[in-house]
Amino acid sequence: MNRKRALISDTFKVKKRKDGAEQFGAPTDDDDYKAKVLAAEEGKGTQPTVKKFLEKVVSSSTDLSFTKDKMLQQFLFTDSEITQLVKSGVLTVRDAGSWWLSIPNSGKFTKYLIKGRKAVLSMVKKSKYGEVLQADIEERRTTSQVKFHMKYHIHDIIGAELVERIPTTSGTLLRFVDS
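Reference entry: report on the structure contained in this document. As the structure is a computational prediction, the values presented were derived from the model and not from experiment.

Basis of the calculations
- Residues numbered from 1 in each chain as written.
- Predicted model: local features only at pLDDT ≥ 70, side-chain atom pairs only at ≥ 80, totals over all residues.
- Heavy atoms only, no water.
- Pairing = 2+ DSSP bridges.
- Helix = DSSP H or I, 4+ residues; strand = E, 2+ residues; numbered from the N terminus.
- Axes fitted to C-alpha atoms, helices over the stretch in contact; angles between N-to-C directions.
- Contact = heavy atoms within 4.5 Å.
- Polar contact = N/O pair within 3.5 Å; in protein donor to acceptor, adjacent residues only side chain to side chain.
- Patch = residues over 30% accessible without salt bridge, like charges linked within 9 Å, V, L, I, M, F, W, Y side chains within 5 Å.
- Areas by Shrake-Rupley, 256 points an atom, 1.4 Å probe, with all protein chains shown as cover.
- Salt bridge = Lys/Arg side-chain N within 4 Å of Asp/Glu carboxyl O.
- Lys, Arg positive; Asp, Glu negative; His and termini not counted.
- Charge placed at Lys NZ, Arg CZ, Asp CG, Glu CD.

A closer look at the sheet that holds strand 6 (residues 131–133)
Moving on, step 1. Strand order in the open sheet formed by 3 strands is 6-8-7, and the pairing between neighbours is antiparallel. The open sheet has two edge strands with one neighbour each: strand 6 and strand 7 (163–168). Each strand axis lies, on average, 25° off the axis of its neighbour in the sheet, ignoring direction.
Moving on, step 2. Pairing geometry for strand 6 and strand 8 (residues 171–176), over 3 bridges, is antiparallel. Among the inter-strand pairings, Glu131 is bridged to a residue of strand 8, identified as Arg175.
Moving on, step 3. Contacting strand 6, strand 7 and strand 8, helix 6 (residues 106–126) runs over the sheet at an angle of about 95° to strand 8.

The structure is reproduced here in structure tokens:
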């Protein structure tokens, strides 16, 4: 438990609230976040607005959610600038009049991860007895739906405990786990 707590504390800004509880905020490594976002906005018309957002909001706030009042009054953004921030991917709609801080293109990553996971799990399930040698599945060709390397997805399904790793004399066997 203490190891997890230390990892969280190192990754996120931790603020003490008035009642003594801890509140976790935005990732502390905002330089990486800013660099990636600015690189993605290079040459686009939204770049000045995104830069303003990164300087005013990300640098000074530990919040992950922003209301319209806060964006308009505290950070002095206009409605059109907020729309540009949503379109560029640094904000995502939470509900009417509020937004979450977002990582641009994280939706694509998640979509590709899930599709790849399903494809690789399907290969394991369809093999005889729901078992396959890891070396054999690494050599298989994937469908066009799988955007990441096969080894990445194999490590993903092992880490998610969707398959069991069983050492054998022929190599490591992956066995589908019924849940």
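What about the sheet that holds strand 5 (residues 98–101)?
Moving on, step 1. Taken in spatial order, the 3 strands line up as 3-5-4 in an open sheet, and their pairing is antiparallel. Looking at the sheet topology across the chains shown, the edges are occupied by strand 3 (65–67) and strand 4 (91–95). Averaged over all pairs of adjacent strands, the angle between strand axes in this sheet comes to 35°, irrespective of strand direction.

Let's talk about the side chain of Ser65
Moving on, step 1. Within the secondary structure, Ser65 is located in strand 3.
Moving on, step 2. Of the polar contacts made by the side chain of Ser65, one reaches the side chain of Arg94; its length is 2.6 Å.
Moving on, step 3. Not counting residues up to four positions away in its chain, the partners in contact with Ser65 are Arg94, Trp99 and Trp100.

Notes on a positive patch on the surface
Moving on, step 1. Residues Lys44, Lys108, Lys111, Lys115 and Lys147 make up a contiguous surface patch of positive charge.
Moving on, step 2. Along the chain, Lys147 falls in the loop between helix 7 (134–139) and helix 8 (150–159).

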